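# Survey of secondary and tertiary structure
Okay, here's what each chain looks like letter by letter:
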Amino acid sequence: VNYCLYSEQEYSGSNTDEMWAAFTLDNNCYNQPSKQNQVIRWRGGSAKGGGDYFMDDLKAYQKRSGKELHTLFADPKLTSKYALKSDSPAIDAGIDVGYPYSGTAPDRGAIEFIRDSNKRPLNRN
């Protein structure tokens, strides 16, 4: 994978400012281990610029795009089975969308991290 998020050049009917404004992108966790590779290649919405964004460019991407204001650019620290490790920045970093979760907030990712199933039962709000 070359990019976590890729948007092609703007052309008639595609990637226009209106189309870009319709996308809701937020609460993600992007990671690109190589400092030389972009995380995001955003070419749509010419009125807002576009560009290539690396791990250190989160603030610039957020400012220029107006998207992903709650997104992390960080190593999610996954196990070989794509579960979160105990020191993952994605633990308790999600938003409540009505599904059960463990901890103070849902985790970002497919598998909810549970420190101790006897002490931290799933929250059933």
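Higher on the page you've got the structure.
Our subject in this report is the structure included herewith.

## Considerations on the sheet that holds strand β3 (residues 40-42)
- Strand order in the open sheet made by the three strands is β1-β3-β4, with mixed pairing throughout. At either end of the open sheet lies a strand with only one pairing partner, and these are β1 (5-7) and β4 (51-53). Pairwise comparison of adjacent strand axes, ignoring direction, gives a mean angle of 15° for this sheet.
- Sheet topology places β1 next to β3; three bridges connect them, and they run parallel. Opposite tyrosine 6, over in β3, you have arginine 41 as the bridge partner.

## Looking at the pattern of salt bridges
- The tally for this structure, following the rule as stated, stands at two salt bridges.
- In this structure, aspartate 52 engages arginine 41 in a salt bridge whose closest nitrogen and oxygen atoms are separated by 2.7 Å. Of this pair, aspartate 52 sits in strand β4 while arginine 41 sits in strand β3, and the two are eleven residues apart along the sequence.
- Judged by relative accessible area, arginine 41 falls into the partly exposed class, the value being 22%.

## Quick look at the side chain of aspartate 107
- Within the secondary structure, aspartate 107 sits in the segment after β5 (72-73).
- Take aspartate 107: its relative accessible area is 8%, and that puts it in the buried class.
- Within polar-contact distance, the side chain of aspartate 107 engages the backbone nitrogen of aspartate 92 at 2.6 Å.
- Only 2.6 Å separates the side chain of aspartate 107 from the backbone nitrogen of phenylalanine 113, close enough to count as a polar contact.
- Residues within four places of aspartate 107 in sequence aside, it is in contact with Leu84, Ala90, Ile91, Asp92, Ala93, Gly94, Ser102, Glu112 and Phe113.

Conventions adopted
- Residues numbered from 1 in each chain as written.
- Predicted model: local features only at pLDDT ≥ 70, side-chain atom pairs only at ≥ 80, totals over all residues.
- Heavy atoms only, no water.
- Pairing = 2+ DSSP bridges.
- Helix = DSSP H or I, 4+ residues; strand = E, 2+ residues; numbered from the N terminus.
- Axes fitted to C-alpha atoms, helices over the stretch in contact; angles between N-to-C directions.
- Salt bridge = Lys/Arg side-chain N within 4 Å of Asp/Glu carboxyl O.
- Buried < 20%, exposed > 50% of the residue type's maximum accessible area, 1.4 Å probe, protein only.
- Polar contact = N/O pair within 3.5 Å; in protein donor to acceptor, adjacent residues only side chain to side chain.
- Contact = heavy atoms within 4.5 Å.

Geometric values such as these leave the question of function open.
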